[in-house]
Amino acid sequence: PYVNTKDILEKANKEYYAVAAFNINNLEFLQAIVEGGIEKKSPLIIETSEGAMKYAGMGDPLRGASLFVKMVREFADSLDIPIALHLDHGKNFKYIISAIKAGYSSVMIDASDKPLEENLKATKDIVRIAHAAGVSVEAELGKLAGIEDNVASAESVLVNPDEAKYFVEETQVDFLAPAIGTSHGAFKFKGEAKLDFDRLKKVKELTKMPLVLHGASSVVQEMVEIAENYGADFGGSKGVPSDILKETVRLGINKVNTDTDLRMAFIAGLREFLQNNPKEFDPRKYMETAKSYVKKVVSDRLELLGSANKA
Ligand SMILES: O=C(COP(=O)(O)O)N(O)CCCCOP(=O)(O)O
Ligand code: NA
Ligand SMILES: [Zn+2]
């Protein structure tokens, strides 16, 4: 069934496991993610960025939003596993309202680059509208390092746990993304991977609510090797190691945003197939390996996060 993200995350919060939130831009990634969820009997959170809405809607975000709602609902309504659709990194008021209007389960208002009081106000505005429409809300505190909103901030600004307590009480958001040292993309750490577990622990103790980890891709070595075997150059790529990811779940992370790992799996499969099948030009054939590799990464992640058999 098509459900509200909050329902999925409240259960995960109570039982201390996490649910992956997988980004999509097209049909093929959605198919592969759904296949993984079916195989693992796991709840799924499908999420789209504002860029994905523009991409699918050919420049019209409301058309993109409604296309994604229709695609996800079609799968969700025909399956036993709970599936929610989330707007990821909503920054533009128009896009957030378009997602709510189209029928998204939840939206993120990402004003974490603003001073606290501005973040508070923007979040309160969205919570008021979203909750009136039965839509749940995610907000972010602190800043990811790396490229975020096209600003390459070398340093991440880590969450202040006391600020987090105040923020969630004031805004009544449904789930919170505390920045604890991750960053988006495939180049998360120069040296050793390190996250601020202490801050995470404090935020959980103070807020007791479902928490979100952004920049949570692991950069799966198996996929890097296959892709590089067939011409990719992913030198220097490094993600969140599985043991560190598991520790964040133990400490209270319940939603794990994953995009890069699926992108790398897809391109690895596509490169491999195209190199080995020069005569093929049927899209249902030449994207098969790519989709199977995405499904594999999805299934492994659902297992690792503990949401398998929780549908
Ligand atoms: O936190 C994450 C995932 O981080 P990851 O890079 O570790 O997978 N996300 O929020 C996904 C970010 C998606 C960015 O999408 P656009 O390129 O369309 O703007
Ligand atoms: Na999000
Ligand atoms: Zn993110």
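Numbering of residues starts from 1 in each chain and follows the order in which that chain's sequence is written. To label them, take the chains in the order written and letter them from A, then take the ligands in the order written and number them from 1. Per-residue local features of the predicted model are confined to residues with pLDDT of at least 70, and side-chain atom pairs are confined, for both listing and counting, to 80 or more; whole-chain, interface and lining totals are unaffected and use all residues. The side-chain quantities take in all heavy atoms of the structure and omit both hydrogens and water.

Participant: Explain the coordination of the sodium ion (ligand 2) here, please?
Facilitator: Any two of four tetrahedral donors ideally make an angle of 109.5 degrees at the metal, while pairs among six octahedral donors ideally make 90 or 180 degrees. Metal donors: N, O and S atoms at distances within 2.8 Å, or within 3.2 Å for Na, K and Ca, with water omitted from the atom set so that some sites may seem incomplete. For the sodium ion (ligand 2), the full set of protein donor atoms is H86 (NE2), D88 (OD), E138 (OE), E138 (OE) and K255 (NZ), and the range of their distances to it is 2.6 to 3.1 Å. The sequence pattern formed by the donor residues of the sodium ion (ligand 2) is H-x1-D-x49-E-x116-K. The distance between the sodium ion (ligand 2) and the zinc ion (ligand 3) comes to 5.7 Å. Placement of the pair is D88 in strand β3 (residues 83–90) and K255 in strand β10 (residues 253–258), with a sequence separation of 167 residues. For D88, a relative accessible area of 5% translates into the label buried. Burial classification: accessible surface area is computed with a 1.4 Å probe over protein chains only, and a residue below 20% of its type maximum counts as buried, one above 50% as exposed, and the rest as partly exposed. Of the residues examined, K255 reaches a relative accessible area of 0% and is grouped as buried. Secondary structure elements follow DSSP: runs of H or I no shorter than four residues count as helices, runs of E no shorter than two count as strands, and numbering proceeds from the N terminus.

Participant: Please clarify how the pairing of β10 should be interpreted in this entry.
Facilitator: The side chains of a regular strand alternate, first on one face of the sheet and then on the other. In terms of burial, β10 is a largely internal element, six of the six residues being buried. Two strands are said to pair when DSSP picks up at least two bridges between them. Here strand β1 (residues 19–23) pairs with β10 via four bridges, running parallel. Looking across to β10, one finds that F22 is bridged to T258. Two strands pair when backbone bridges link them, and strand β9 (residues 211–213) and β10 are joined in this way by three bridges, in the parallel orientation. Bridging from a neighbouring strand, L213 pairs with V256 of β10.

Participant: Would you take a moment to explain the site of ligand 1 for this structure?
Facilitator: One heavy atom within 4 Å of a molecule or strand makes the whole residue count as near it. Neighbouring ligand 1 are 16 residues; S49, D88, K188, S217 and T260 lie closest to it. Pairing of N or O atoms within 3.5 Å defines a polar contact, subject to two protein rules: one partner must be a possible hydrogen donor and the other a possible acceptor, and residues neighboring in sequence count only if both atoms are side-chain atoms. Residue A216 places a main-chain N or O atom 3.2 Å away from an oxygen atom belonging to ligand 1. At 2.6 Å from an oxygen atom of ligand 1 is found a side-chain nitrogen or oxygen belonging to T260. Considered on its own, ligand 1 offers 500 Å² of accessible surface; in the complex 80% of this is hidden by protein. Only β3, β10 and α11 (260–276) provide two or more residues apiece to the shell around ligand 1. Here the residues of the shell around ligand 1 sort into one nonpolar, 11 polar and four charged. Each accessible area is a Shrake-Rupley result for a 1.4 Å probe, and residues are judged covered by the shown protein chains and nothing else. Three classes are used: nonpolar for Ala, Val, Leu, Ile, Met, Phe, Trp, Tyr, Cys and Pro, charged for Asp, Glu, Lys and Arg, and polar for all others, with Gly counted as polar.

Participant: For this particular structure, what's the right way to read the environment of L27?
Facilitator: Residue placement: L27 occurs in helix α2 (residues 27–40). What makes L27 partly exposed here is its relative accessible area of 36%. Taking the C-alpha atoms as reference, L27 lies 20 Å from E280; in sequence the two are 253 residues apart. We call two residues in contact whenever any of their non-hydrogen atoms come within 4.5 Å of each other. Ignoring any residue separated from it by four or fewer positions in sequence, one finds L27 in contact with M71 and F75.

Everything listed is a geometric property; what it means functionally is a separate question.
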